[in-house]
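Working through the structure, step by step
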Amino acid sequence: MTEQDKVGRYCFLAEPFHCDFSDRLFMGHLGNHMLNAADFHSNERGFGMHYLNTIHKTWVISRLAIEMEEMPPAYTKMAIETWVENAARFFTNRNFMVCDADTGRIFGYGRSVWAMIDTDSRQPADLFAINNGRIADYVVADKLCPIEKSGRVKMSPAAEHIRTIHTYYNDVDINGHINSIKYIEHVLDLWPIAWYHSHRLRRFEVAYVAEAHGGDQLAFYREEAGDGEYNIRINKATPEGEVEVCRCKVLFCS
């Protein structure tokens, strides 16, 4: 099997109504395209959601890092390449490359970590028990992904509470919990529009800790970690108090 067989390449359009005031694709929509590419790739190779759902299994994303030199302008035909960098019993690393489908100019890269869970017990499932471990046949360990892996996001008790929001129908995904990309969109709304007139989003990291569901209240805490660098903690309200659901690191450049 060649590397070309192992790497998926999928085309998307930077639709104008998926772009912000700068005529560039929203990070949230780019994240959705990446997750769609991951879904297409895994389904085509026998370890995707179409098959997993028949055996009461599903993929859940654990970490996602997206780093962009430039966001695609409106009407750009994008190509997203995706491949499995490695696979262990309970986790797999999947990478992405985003480029102009016509010119090949690279816009940026992504890294992600995924787990497979049993949809009845919500417990981790063995990746190598699926289709005789077929995922291992598609590992591409030496393909370049030049961005750093996600690191641990450290937060102090002094982090500022910015806002609390309610979650609704449009926040919930096919797995019945808050959509992974919705967290990105809600975090980026913590800064006013004026901020984005003078700052460009360069890198976004998110580490998912626990599930939240439609109707949950989410509290957002923010802490500046450096020049243009911010750490975010998102908690959900429970009768026993707040429970952390994810942490994010956001890096802006001027």
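Structural notes, computed from the coordinates. (Residues numbered from 1 in each chain as written. Predicted model: local features only at pLDDT ≥ 70, side-chain atom pairs only at ≥ 80, totals over all residues. Heavy atoms only, no water.)

1. Things to note about the packing of aromatic side chains
Heads up, the rule is: Working definition: a ring pair exists when centres of Phe, Tyr or Trp rings (six-membered ring for Trp) sit within 6.5 Å. Plane angles under 30 degrees give stacked, over 60 give edge-to-face, the rest tilted. Numbering of helices and strands starts at the N terminus; helices are DSSP runs of H or I of at least 4 residues and strands are runs of E of at least 2. For each residue, the accessible area found with a 1.4 Å probe, counting protein chains only, is set against the maximum for its type, and the residue is called buried under 20%, exposed over 50%, and partly exposed in between. Here, a charge over a ring is recorded when the distance from Lys NZ or Arg CZ to the ring centre is within 6 Å and its angle to the ring normal is within 35 degrees.
In the structure shown here, the tally under the stated rule is eleven aromatic pairs. Ring geometry for Y230 versus F252: centroids 6.4 Å apart, planes at 75°, classification edge-to-face. Here the residue Y230 occupies a position in strand β9 (residues 229-238), and F252 occupies one in strand β10 (residues 241-253), the gap between them amounting to 22 residues. Judged on exposure class, the residue Y230 and its partner F252 are both buried. Aromatic rings pair up to connect W191, W195, Y196, Y230 and F252 into one cluster. One Lys or Arg, K143, reaches over the ring of W83 and ends 4.9 Å from the middle of that ring. The ring of Y221 has R233 sitting right over it, with the charged end atom 4.9 Å from the ring centre.

2. Observations concerning the nonpolar core
This is how it is decided: Put simply, buried Ala, Val, Leu, Ile, Met, Phe, Trp, Tyr and Cys residues joined by side-chain atoms within 4.5 Å make one nonpolar core. Whether two residues are in contact is decided by their heavy atoms, any of which lying within 4.5 Å being enough.
If you look at the biggest cluster of nonpolar residues, it comprises 56 residues, and the most contacted ones within it are L30 and V187. With six residues, the single largest contributor to this core is helix α2 (residues 27-44). Look past the residues within four positions of V187 in its chain and what remains in contact with it is F204, F220, I232, I234, C248 and V250. Listed in part, the nine residues of the second largest apolar core include A79, W83, M97 and Y109.

3. A word on the sheet that holds strand β7 (residues 200-208)
Convention followed: Strand pairing follows a simple DSSP-based rule, namely that at least 2 bridges must link the two strands. Lines fitted to C-alpha atoms define the axes here, with helix axes fitted over just the stretch in contact, and angles between the N-to-C directions of these axes take values from 0 to 180 degrees.
Pairing within the open sheet is antiparallel, and its ten strands lie in the order β1-β3-β4-β5-β2-β7-β10-β9-β8-β6. Edge positions in the open sheet fall to β1 (8-13) and β6 (160-166), since each of these has one partner strand only. Sheet twist, expressed as the average angle between the axes of neighbouring strands with direction ignored, equals 25°. In the sheet, strand β8 (residues 217-226) pairs with β9 via eight bridges, with the strands oriented antiparallel. The residue bridging E224 from the neighbouring strand is Y230, located in β9. With respect to the sheet, α2 is in contact with β1, β2 (57-68), β3 (77-87), β4 (91-100), β5 (106-118) and β7, its orientation differing from that of β1 by roughly 145°. The strands touched by helix α4 (residues 180-188) within the sheet are β2, β6, β7, β8, β9 and β10, with β7 carrying the most contacts at an inclination of about 130°.

4. Quick word on α2
How we decide: Expected helix span is taken as 1.5 Å per residue step, with the number of steps being one fewer than the number of residues.
With 18 residues, α2 extends 26 Å from end C-alpha to end C-alpha; this agrees with the ideal 26 Å at 1.5 Å per step. For α2, the set of buried residues is M27, G28, L30, G31, H33, M34, L35, A37, A38, H41, S42 and N43. The positive-phi residue at the C-terminal boundary of α2 is G46, with phi of around 90°.

5. Considerations on the side chain of T58
With respect to the helices and strands, the residue T58 is situated in strand β2. Take T58: its relative accessible area is 0%, and that puts it in the buried class. Excluding residues that lie within four positions of it along the chain, T58 makes contacts with M49, L52, N53, A115, M116, I117, T119 and N175.

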